[in-house]
Amino acid sequence: MVKHARSPRTDSTTPIAVAKPRLPQTDAIVPYLRRIDSARWYSNFGPLVQELEERLAHRFGAQARAVTCVNATQGLTLTLQALNIAPGTLCAMPSWTFVATGHAAVQAGLTPWFLDADRDSWMLTPQIAAEALARAPGTVGALIVVAPFGRMPDVAAWLDFQDKTGIKVIIDAAAAFDAACDARLPTVVSLHATKVLGMGEGGFVATDNHALAARLRRLTSFGFDGTRLSQHTANNAKISEYAAAVGLASLDAWPGDRLRWFTAAQTLRHFPLPREIGYQPGWGRDWTTSVCVVTTPEGAAPELIAALKARDVDTRQWWGEGCHASPAFAAFPREALPNTEILATSTLGLPFYIDLDRADAARIAEALGAAL
Ligand SMILES: *Cc1c(COP(=O)(O)O)cnc(C)c1O
């Protein structure tokens, strides 16, 4: 008998990856690289970083400043430092977040205090925070609100909370490049490759507070303020002109890419999902992001993951069991987290990418239908 080579995998068995980031291609970056060549200015707030910051700030209105930095995790840490939150105080945050939020608080000398999220919005709300405050195991110096997977919280309600409690509120809008447009509270956005607008590694803080922006700038640059004297202890968290080149090329592509993300979401929405599966409100309609996280019946996520895996459809529990469940955060205080525990076993990241096509969308929907 002739031994046949294994037949190539057909389309229907090609694994579907959970994400396929796509950043600007070489040709789109080259004009910016040429500008670097002729300016011979490679870092320390050269013309490309200045242009990138102006264009980013513009998205938040005339009053806003944008301060770029090496990533959103540093952006969160430096924002907490720039706000002069007393070291050792608690930094309240939802456990339903990526571990970066917790790390940032620790790096800023604060103690993460994990609160529960609202069952429906997946966010910390001013109500949940206000109730928890009565039981706080110490002084609360700051609070980080997280925009889960790119959906923005109610900024006005959090401004009100800040006014009433005196607790400084900042927004971890790492995944919310598209939806974040209000800089009344310091808002930290990631430009990581896996986010909706990427430049590899990078991030920025948007704020209407110009003094805060100036402090943040010094914290990203050795505490320098126009002289060689360091004004306070600081970091080096600047981005180079090369990073800004990619960021500017990404911004140039954004109007078209944004439509592509919406189209990808519509492509997935075109195939009706089982009734028990729900998208985040407004996902792919009012705002866009680089992931598709859906709700499934309570506790169903583990079985769905296995069933989809068997059909070569990859999934991801982006935030695991919540930030508090990581060994790194085991020692930090927390409230009871019933909703976070439910979210951990009922939400699921489906495959999603900017060029998701009908064939992949159909397979994702079919696999989900069969699995339920
Ligand atoms: C991605 C993400 C971060 C980290 O952003 P980096 O730029 O990779 O440091 C922080 N918080 C949340 C909620 C995120 O989704």
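Quantities reported herein were computed from a predicted structural model and do not represent experimental measurements. (Residues numbered from 1 in each chain as written. Predicted model: local features only at pLDDT ≥ 70, side-chain atom pairs only at ≥ 80, totals over all residues. Heavy atoms only, no water.)

## Considering the overall build of the protein chain
Helices and strands together make up the secondary structure of the protein chain, namely eleven helices and ten strands. Relative to the compact-globule value of 21 Å for 372 residues, the protein chain shows a C-alpha radius of gyration of 22 Å, a close match. Here the C-alpha coordinates of the protein chain stretch approximately 80 × 60 × 40 Å along the principal axes. The buried share of the protein chain, reckoned over its 372 residues, is 52%. Intrachain contacts of the protein chain at a sequence separation of at least 6 include 70% that bridge at least 24 residues. Carbon and sulfur atoms make up 52% of the accessible area of the protein chain, which totals about 16,800 Å². (Helix = DSSP H or I, 4+ residues; strand = E, 2+ residues; numbered from the N terminus. Rg over C-alpha atoms; globule rule 2.2 N^0.38 Å. Buried < 20%, exposed > 50% of the residue type's maximum accessible area, 1.4 Å probe, protein only. Contact = heavy atoms within 4.5 Å. Areas by Shrake-Rupley, 256 points an atom, 1.4 Å probe, with all protein chains shown as cover.)

## Topic: the domain arrangement of the protein chain
Domain annotation for the protein chain reports domain 1 (26–248) and domain 2 (254–371). Taken over C-alpha atoms, the centre of domain 1 sits 25 Å from the centre of domain 2. With 36 residues of domain 1 at the contact, the number on the domain 2 side is 37 residues. At the boundary of domain 1 and domain 2, one finds three salt bridges. The partner of Arg 135 in a salt bridge is Glu 335, and the shortest N-O contact between them spans 2.5 Å. Seen at the junction of domain 1 and domain 2, the total is 16 residue pairs in polar contact (both at pLDDT 80 or more). Those elements that place two or more of their residues in the side of domain 1 that touches domain 2 are helix 4 (99–107) and strand 3 (111–115). With five residues, strand 3 is the single largest residue contributor to the side of domain 1 that touches domain 2. Of the residues in the side of domain 1 that touches domain 2, the class split is 21 nonpolar, seven polar and eight charged. (Domains from an automatic or database assignment. Salt bridge = Lys/Arg side-chain N within 4 Å of Asp/Glu carboxyl O. Polar contact = N/O pair within 3.5 Å; in protein donor to acceptor, adjacent residues only side chain to side chain. Nonpolar A, V, L, I, M, F, W, Y, C, P; charged D, E, K, R; others polar.)

## A short note on the side chain of Arg 269
Positionally, Arg 269 belongs in helix 8 (residues 241–270). A distance of 2.7 Å separates a polar side-chain atom of Arg 269 from the backbone oxygen of Trp 283. Setting aside chain neighbours within four positions, we find Arg 269 in contact with Tyr 279, Gln 280, Trp 283 and Arg 285.

## So, the packing of aromatic side chains
Following the criterion strictly, the structure yields 13 aromatic pairs and no others. Judged by centre distance (5.8 Å) and plane angle (50°), the rings of Phe 222 and Phe 224 are tilted. What links up through ring pairs into an aromatic cluster is the set Trp 96, Trp 122, Phe 149 and Trp 319. A cation over a ring is seen here: Arg 217 above Phe 45, with NZ or CZ 4.0 Å from the ring centre. (Phe/Tyr/Trp six-rings, centres within 6.5 Å; stacked < 30°, edge-to-face > 60°. Lys NZ or Arg CZ within 6 Å of the ring centre and 35° of its normal.)

## Here we look at the sheet that holds strand 9 (residues 292–295)
Judged by pairing direction, the sheet is antiparallel, and its three strands sit side by side in the order 8-9-10 without closing on themselves. The open sheet is flanked by strand 8 (278–279) and strand 10 (347–350), the only strands paired with a single partner. In this structure, strand 9 lies alongside strand 10, joined through four bridges in antiparallel fashion. Counted as the bridge partner of Cys 292 is Leu 350 from strand 10. Packing against the sheet, helix 10 (residues 338–346) makes contact with strand 9 and strand 10, and its axis sits at approximately 35° to strand 10. (Pairing = 2+ DSSP bridges. Axes fitted to C-alpha atoms, helices over the stretch in contact; angles between N-to-C directions.)

## A closer look at the side chain of Asp 172
For Asp 172, the position within the fold is in strand 5 (residues 168–172). Buried within the structure, Asp 172 lacks any salt-bridge partner; its nearest side chain of opposite charge belongs to Lys 195, at an N-O separation of 7.4 Å. Sequence-distant contacts of Asp 172, defined by excluding residues within four places in its chain, comprise Leu 76, Thr 97, Thr 101, Ile 144, Val 145, Val 146, Ala 147 and Val 188. (Lys, Arg positive; Asp, Glu negative; His and termini not counted.)

## A closer look at the sheet that holds strand 3
In space, the seven strands of this open sheet follow the order 1-7-6-5-4-2-3, with mixed pairing throughout. Two strands close off the open sheet at either side, each with one partner strand: strand 1 (65–69) and strand 3. Taken over all neighbouring pairs, the strand axes of this sheet differ in orientation by 25° on average, direction set aside. Where strand 2 (residues 90–94) and strand 4 (residues 140–146) come together, three bridges link them in parallel fashion. Residue pairing across strands places Leu 90 opposite Val 140, the latter belonging to strand 4.

## Description of the state of the cysteines
A full pass over the atoms with the stated rule returns zero disulfides. Cysteine Cys 323 is unpaired, with the sulfur of Cys 91 as its nearest cysteine sulfur at 11 Å. For Cys 323, a relative accessible area of 0% puts it in the buried group. (Disulfide = S-S within 2.5 Å.)

## Considering the site of the ligand
The local shell around the ligand holds 13 residues, among which Ala 72, Thr 73, Asp 172, Ser 190 and Lys 195 are the closest. Between Ser 190 and the ligand, the recorded distance is 2.7 Å, taken from a side-chain N or O atom to an oxygen atom. For the ligand, the accessible surface in isolation is 390 Å², of which the surrounding protein chains cover 92%. Of the residues in the shell around the ligand, the class split is six nonpolar, five polar and two charged. (Near = heavy atom within 4 Å.)

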